[in-house]
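What follows is the residue order along each chain.
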Amino acid sequence: MKPARALCIPVILGTVRQGRMSLPVARLLASELTRRPGIETELIDIARLPLRVDDAGEATKDPTFSSVMSRADALVVVSPEYNHGYSGLLKHVLDSCLKEYVHKAVGIVGVSAGPFGGTRGIQDLVPVLRELGLVTIFWDVNFSSVQRVFDESGSLRDQAYLPRIDQFLKELVWMARTLRHGREHIALG
Amino acid sequence: MARNASPMICPRCGIEMNHHAEKLVYPTESGDDAAVDSVLGGIVEELHACPACGAGASRRAGDRGPRDLPG
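As a starting point, this report considers the structure included with it. (Residues numbered from 1 in each chain as written. Chains lettered and ligands numbered in written order. Predicted model: local features only at pLDDT ≥ 70, side-chain atom pairs only at ≥ 80, totals over all residues.)

Scanning chain A for helices and strands turns up five helices and eight strands. The secondary structure elements of chain A, listed N-terminal to C-terminal, are β-β-α-β-β-α-β-α-β-α-β-β-α. At 16 Å, chain A has a C-alpha radius of gyration in line with the 16 Å of a compact globule built from 189 residues. Expressed as lengths along the three principal axes of its C-alpha atoms, the size of chain A is roughly 45 × 45 × 25 Å. Sequence separation of 24 or more characterises 82% of the internal contacts of chain A that already satisfy a separation of 6 or more. (Helix = DSSP H or I, 4+ residues; strand = E, 2+ residues; numbered from the N terminus. Rg over C-alpha atoms; globule rule 2.2 N^0.38 Å. Contact = placed C-beta atoms within 7 Å.)

Contacts between chain B and chain A engage 21 residues on the former and 21 residues on the latter. Listed by contribution, the elements that provide at least two residues to the side of chain B that touches chain A are strand S1 (18–25), strand S2 (43–49) and strand S3 (56–60) of chain B. It is S1(B) that provides the largest number of residues to the side of chain B that touches chain A, a total of seven residues. Classifying every residue of the side of chain B that touches chain A by side-chain character gives nine nonpolar, eight polar and four charged. (Nonpolar A, V, L, I, M, F, W, Y, C, P; charged D, E, K, R; others polar.)

Counting residues in hydrophobic clusters, the biggest one holds 51 residues, and the most contacted among them are Leu29(A), Ala74(A), Val78(A) and Val109(A). If one sorts the elements of this core by residue count, helix H5 (residues 161–185) of chain A sits on top with eight residues. Aside from chain neighbours lying at most four places away, what touches Leu29(A) is Val11(A), Val76(A), Val78(A), Val109(A) and Ile165(A). Residues Met8(B), Met17(B), Ala49(B) and Ala57(B) belong to the second largest nonpolar core, which totals six residues. (Core = buried A, V, L, I, M, F, W, Y, C linked by C-beta atoms within 7 Å. Buried ≥ 20, exposed ≤ 12 C-beta atoms within 10 Å, placed from the backbone.)

Structure below.
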């Protein structure tokens, strides 16, 4: 029997803000994914994508980002909350693809400096992801008061986040496997 | 896997791909207007995936060949 193909689950760091505290969050998620067998991941920093901002949608598609989205079985979106919403540039990047996302799983990690862990941004992001053809899972991870969660070196101070991330990733991997089977073997109609 | 009248063939594996989704997309160029399904209100894009290698492909409903082979 051929060995199963690894699941591809990239982590999207959804902010370009200087001093962003979502960076250690995204690194932690990628690190936790790497520890799981049968999963390939990479951290996609939207600040490093060469997307133009004088147009929108698939006209701005970056071939490298598109290729990773095509290979992906699921996505982790790390989404900080700015003024009760997700970042505009995260939307700009997500909108640059469409067919690449259909019938793939997505989980959202909310980040905020305040007490609500990015929940308002997550609530706004869910219908966008749905329209893109992604399938949202019912677990989120919420990083509240994120400036206190990591030390100066970016190491996690509050170990309670690890079991929460574990639950989130278990559900995401299950959905990724299930949707891959569906994409490849279950016909529409 | 259901048989398609005009199956999409995986360029890597040479086998029939699975037609797993149809997504409504909206015209962004004037030349796209003719492709709009007037009942559904947009352009129907078929999504296919290879059961062997997982590669994806898409085409507009009614087209016979792949329009796009992402990845």
